[in-house]
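# Fold and contact review
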Amino acid sequence: MKRSEVSFQSTAKRVRRVAAAFAIAMFAASPVATVRAGEIPAVSEPTDSAGLSAWAMRWFTEMMAGRTDRSQYATAFASQVTDAAVAGMAHDLNEYGAAPLRAEIVQTRKDGDQTFAIVKFVFPRGDATSLLFGFDTAGKITGVAVGGIAGD
C-alpha cells in the first residue's frame, strides 16, 4: 500500500469519526447558538434530485467554511447545532482539501412525515463521503448522520 493511500484512509476514517461525533453532538442537548438566517433556503421538495443536489452542495460548502444557517433546521434540531460542533466538522471536512465537485442523490425514502436522503459528495482527488439527511414536511432538516460508502 502506498503512503498516499494510507494517508487518504486515515483522513477518511478521521472524517467519519468526527462526522459521527458531530451527528451525535447535534442530537445531544446543548446550548442554542446564533442563527445566520437567509444563507440557505429550506429544501422545497426533498425528492427532487436536481434541487436536492444543489441544496446539498450549498449546505456542504457552507459547513466546510464553518457556517450553517440554523433556520434551515427543524426547531427541535436547530438548538442542538452548536458553534463548536460546526467548527469541528468544518475542520475535518477541510481534510478533503477542496469543496466537492458534485453531490449525488444515492437514495430517497419517505417514512410518515419525514423524507430521508443519502447524498454522496465526490471530491477533486477522487474520494467521496456520504451523509444521510432527514427532512420534515416543510423541508427543514430533522437530522444529519454519516452514511458510509464502500471504500471510503
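This text follows the structure it describes.
Anyway, here's the lowdown on the structure attached to this text. Remember, it's a predicted structure, so these values are computed and weren't measured experimentally.

### Regarding the overall build of the chain
The number of helices and strands found in the chain is four helices and four strands. For the chain, the succession of helices and strands along the chain, N to C, is α-α-α-α-β-β-β-β. Counting only residues that meet the buried cut, the chain has 40% of its 152 residues in that class. Long-range pairs, those at least 24 residues apart, make up 58% of the contacts in the chain between residues at least 6 apart in sequence.

### A word on the environment of Thr68
Tracing the backbone through its elements, the reader meets Thr68 in the loop between α2 (49–64) and α3 (75–78). Exposure remark for Thr68: the relative accessible area of 1% places this residue in the buried category. Taking C-alpha positions, Thr68 is 8.8 Å from Val81, a pair spaced 13 residues apart along the chain. A distance of 2.7 Å separates polar atoms of two side chains, one belonging to Thr68 and the other to Tyr73.

### Brief notes about the sheet that holds strand β3 (residues 128–135)
The strand order across the open sheet built from four strands is β1-β2-β3-β4, with neighbouring strands paired in antiparallel fashion. The sheet terminates laterally at β1 (102–111) and β4 (141–146), the two strands that pair on one side only. Each neighbouring strand pair of the sheet contributes to a mean axis angle of 20°, computed without reference to strand direction. With nine bridges connecting them, β1 and strand β2 (residues 114–122) associate as antiparallel partners.

### Observations concerning the pairing of β4
Look at any regular strand and the pattern is simple: side chains alternate between the two faces of the sheet. When β3 meets β4, the two strands line up antiparallel, connected through five bridges. Bridge pairing links Phe133 to Val144 in β4. Taking the residues between adjacent antiparallel strands as the criterion, β3 and β4 are bridged by five residues, where Gly139 takes a positive phi near 85°.

### A word on the nonpolar core
Formed by 26 residues in total, the largest nonpolar core has its most connected members in Trp55, Trp59, Phe60, Tyr73, Phe121, Phe133 and Ile141. Sorting the residues of this core by element identifies α2, α3, α4 (83–93), β2, β3 and β4 as the ones contributing at least two each. Residues contacting Phe133, with those up to four places away along its chain left out, are Trp55, Trp59, Thr115, Phe116, Ala117, Val119, Phe121, Gly143 and Val144.

### Section: the pattern of salt bridges
Under the criterion given, the structure shown has five salt bridges. Across the salt bridge formed by Lys120 and Glu104, the nearest N and O atoms sit 4.0 Å from each other. Within this pair, whereas Lys120 is found in strand β2, its partner Glu104 is found in strand β1, the two being separated by 16 residues in sequence. In this structure, Asp127 and Arg125 form a salt bridge, with 3.1 Å as the shortest nitrogen-oxygen distance. The exposure class of Asp127 is buried, given its relative accessible area of 5%. On the basis of relative accessibility, which here comes to 51%, the residue Arg125 falls in the exposed class. In the salt-bridge network here, residues are joined through shared partners; they are Arg102, Glu104 and Lys120.

### Quick word on the environment of Arg67
With respect to the helices and strands, the residue Arg67 is situated in the loop between α2 and α3. Residue Arg67 is classed as partly exposed on the basis of its relative accessible area, which comes to 34%. Side-chain polar atoms of Arg67 contact the side chain of Glu62, separated by 2.8 Å.

Definitions and cut-offs
Residues numbered from 1 in each chain as written. Predicted model: local features only at pLDDT ≥ 70, side-chain atom pairs only at ≥ 80, totals over all residues. Heavy atoms only, no water. Helix = DSSP H or I, 4+ residues; strand = E, 2+ residues; numbered from the N terminus. Buried < 20%, exposed > 50% of the residue type's maximum accessible area, 1.4 Å probe, protein only. Contact = heavy atoms within 4.5 Å. Polar contact = N/O pair within 3.5 Å; in protein donor to acceptor, adjacent residues only side chain to side chain. Pairing = 2+ DSSP bridges. Axes fitted to C-alpha atoms, helices over the stretch in contact; angles between N-to-C directions. Core = buried A, V, L, I, M, F, W, Y, C linked by side-chain atoms within 4.5 Å. Salt bridge = Lys/Arg side-chain N within 4 Å of Asp/Glu carboxyl O.

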